[in-house]
Amino acid sequence: MDEVTGAQLIAESLKAQKVEYMFGIVGVPVMEVAMAAQAAGIKYVGMRNEQAACYAASAIGFLTGRPGACLVVSGPGLIHALGGMANANMNCWPVIVIGGSSDRNQETAGAFQEFPQVEACRLYSKFAARPSSLEAIPSVVEKAVRTSIYGRPGACYVDIAGDMVNAKVDRSKVRLVSCCPTPPASLANHGAIAEAVSVLKTAQRPLVIIGKGAAYGRAETVLRDFVDTSGLPFLPTPMGKGVLPDDHPNCVAAARSRALLQADVVLLLGARLNWILHFGLPPRFNPDVKIIQVDLCAEEMGNNVRPAVALLGDINSVIIQLWESVQNDGWKYPSDTEWWSTLKDKMASNAKVSQALALQPADPMNYYTVFHHIAHLLPHDCIIVSEGANTMDIGRTMLNNYLPRHRLDAGTFGTMGVGLGFAIAAATVEKSKSDKRQRVVCVEGDSAFGFSGMEVETMCRYNLPVVIIVVNNNGIYSGMDLKTWQEMAKMGDLTAVAPPVSLLPEARYDEVMTAFGGRGFLVRTVEELHSALQLSLSDWERPSLLNVLIDPFSDRKQQEFPWLTRSNL
């Protein structure tokens, strides 16, 4: 008999579904699954925390369009991964979590790490199941992968009982399951397309909003044709950056608040009217704005604002329909309108304010100085990972993206701690390429870095040349300088007197990287920043970390509409 184990069936089934990457932490009972995955040709990256492993696997889904796998042990291991599953669901990224669980004959008896895993995962995933037998594994894995990428993408969970991992079955009894087809692409109603174009043509102040759904949907080519043909101004959401280059002449990201506030018609492409877009409501939006909403999920239509036109379908296909209609009409929004003048004036005004802040002769540096110089040194094709409060928000405006799916950040769920997992995923994909590899630059606040800082060991272990830039202000939002901290320590118990937002001043995060064999740099000046970043970008053999000390009281410029101000919901 040609026998096969449960571990082998899981690995072979994942490979048959074109799952190429697996991230996880091994132990009882899933050790053999990781080894079988490697034997099947799946790249396995051992992480230091299941949450970071799940973040990495979900980022694979966004970057490649095919889910990554996250392998975790039973009980606590699976629970740690739930944060990554929730984040994937909120971001609409596909990921497959494979969790070991207690032996079937020990259920309800208080087995080692026993936990109702399938039931728990149903809250955080689109699909959660345990194969009833070894023979059923290929079918369950196929359904998990198919469910993760069909419709609105998301997380799926497959449970494998400990006694099934090494159990054997005659291969002839296992029904082979072919790879699931790519998701079907649906078109919007032709009448709705005509109505949408009619609304756009009557707009005085139109605006296109490009969301990360357009990035995931690989809509960049036709979207460029549509914008160039229609002449419409566009605004990318944070992870919609790069679908069209940030330096495209129609990009109005530098006038974000003004564009949202005064637009009378908004074409919403693969974005949701949630907190990131201030729910589409006043005072951030014009109360009479007309929304043309493009989404593949019918349930999303009308959330918070009823659309003037709802275009339900695959985003790439729908944009093709819009482009063909505009092209056939020969219509183009004029470039000499008052709306364009308003947007350009506001962009120029905001650029002057940021430039003035960036060029202040400050010692220590402020956020704008740091980002101004980073922006001039980064390669145009680099993948930027970013998280932190001011670090992420200011970086979004000052670090441009020129290619799609080249920016990863805290996302819809606002999840801190995703950065290093995302960077490991991106670097793993880039390292697997034979040529045209692109640099991965991870820009972190010092608080955000702390969530998963031990993953620098993972980077060093696999020789992933990630460049980490920790913008260190000694705190969460804001910190304090070393002298003030030392004086405060003399006042008594720090648990009673230290501000809750404070972190250890001038913590040596660079030495953490050095300890594992990477490059570490302590940066205090512009000159040191230039030198360290240039050296790091030239080193393709190992990761680097720049610990950039800035003014603990540095803040961002006054915002007309901050992200999290109260809404009129």
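I will try to describe carefully the structure that is included in this document. Please read these numbers as outputs of a predicted model, since none were measured by experiment. (Residues numbered from 1 in each chain as written. Predicted model: local features only at pLDDT ≥ 70, side-chain atom pairs only at ≥ 80, totals over all residues. Heavy atoms only, no water.)

## Section: the overall build of the chain
Phase 1 of the analysis: When helices and strands are counted, the chain shows 22 helices and 19 strands.
Phase 2 of the analysis: Taken against the 2.2 N^0.38 rule, which gives 25 Å for 569 residues, the C-alpha radius of gyration of the chain at 25 Å falls within 12% of a compact globule.
Phase 3 of the analysis: When the backbone C-alpha atoms are referred to their principal axes, the chain occupies close to 75 × 70 × 45 Å.
Phase 4 of the analysis: Burial statistics for the chain: of 569 residues in total, 58% are counted as buried.
Phase 5 of the analysis: Nonlocal contacts in the chain, meaning residues at least 24 apart in sequence, comprise 77% of its contacts between residues at least 6 apart. (Helix = DSSP H or I, 4+ residues; strand = E, 2+ residues; numbered from the N terminus. Rg over C-alpha atoms; globule rule 2.2 N^0.38 Å. Buried < 20%, exposed > 50% of the residue type's maximum accessible area, 1.4 Å probe, protein only. Contact = heavy atoms within 4.5 Å.)

## Let's talk about the pattern of salt bridges
Phase 1 of the analysis: The tally for this structure, following the rule as stated, stands at 21 salt bridges.
Phase 2 of the analysis: In this structure, Lys201 engages Asp329 in a salt bridge whose closest nitrogen and oxygen atoms are separated by 3.2 Å. One end of the pair, Lys201, is in helix α8 (residues 190-202); the other, Asp329, is in helix α12 (residues 315-329), with 128 residues separating them in the sequence.
Phase 3 of the analysis: Note on Asp329: relative accessible area 44%, which makes it partly exposed.
Phase 4 of the analysis: Put simply, Arg524 and Glu506 hold a salt bridge, and the shortest N to O gap is 3.2 Å. (Salt bridge = Lys/Arg side-chain N within 4 Å of Asp/Glu carboxyl O.)

## Concerning the sheet that holds strand β12 (residues 290-295)
Phase 1 of the analysis: Taken together, the five strands give an open sheet; going across it, the order is β10-β9-β11-β12-β13, and neighbouring strands pair in parallel fashion. Strand pairing shows two members of the sheet lacking a second neighbour, β10 (234-236) and β13 (309-312), which therefore form its edges. Ignoring which end each strand starts from, the neighbouring axes of this sheet average 15° apart.
Phase 2 of the analysis: In terms of strand pairing, β12 meets β13 through four bridges, oriented parallel. Note that in β13 the partner of Val294 across the bridge is Leu311. (Pairing = 2+ DSSP bridges. Axes fitted to C-alpha atoms, helices over the stretch in contact; angles between N-to-C directions.)

## Overview of helix α1 (residues 6-16)
Phase 1 of the analysis: Among the residues of α1, those classed as buried are Gly6, Ala7, Leu9, Ile10, Ala11, Ser13 and Leu14.
Phase 2 of the analysis: Downstream of α1 by one or two residues, Lys18 has phi in the positive range, about 65°.

## Quick notes on the environment of Leu529
Phase 1 of the analysis: Among the secondary structure elements, Leu529 is positioned in helix α22 (residues 526-538).
Phase 2 of the analysis: Overall, the relative accessible area of 0% leaves Leu529 in the buried class.
Phase 3 of the analysis: When residues no more than four places from it in sequence are discounted, the contact partners of Leu529 are Val370, His373, Ile374, Val523, Leu546 and Val548.

## Structural notes on a nonpolar patch on the surface
Phase 1 of the analysis: On the surface, Val26, Met31 and Met35 cluster together into a nonpolar patch covering about 260 Å² of accessible area.
Phase 2 of the analysis: Residue placement: Val26 occurs in the loop between β2 (21-24) and α2 (31-39). (Patch = residues over 30% accessible without salt bridge, like charges linked within 9 Å, V, L, I, M, F, W, Y side chains within 5 Å. Areas by Shrake-Rupley, 256 points an atom, 1.4 Å probe, with all protein chains shown as cover.)

## Section: the sheet that holds strand β16 (residues 440-445)
Phase 1 of the analysis: With parallel pairing, six strands are arranged side by side in an open sheet as β15-β14-β16-β17-β19-β18. Every other strand in the sheet has two partners, leaving β15 (407-408) and β18 (519-523) as the edge strands with one partner each.
Phase 2 of the analysis: Here β18 runs beside strand β19 (residues 544-549); their pairing, made up of five bridges, is parallel. What sits directly across from Arg519, in β19, is Ser544.

## Considerations on helix α16 (residues 419-431)
Phase 1 of the analysis: With 13 residues, α16 should reach 18 Å at 1.5 Å per residue; the first-to-last C-alpha distance of 18 Å fits that figure.
Phase 2 of the analysis: Most of α16 sits out of view: twelve of its 13 residues are buried.
Phase 3 of the analysis: Within α16, the full set of buried residues consists of Gly419, Leu420, Gly421, Phe422, Ala423, Ile424, Ala425, Ala426, Ala427, Thr428, Val429 and Glu430. (Expected span 1.5 Å × (residues − 1).)

Coordinates in, geometry out; function isn't part of it.
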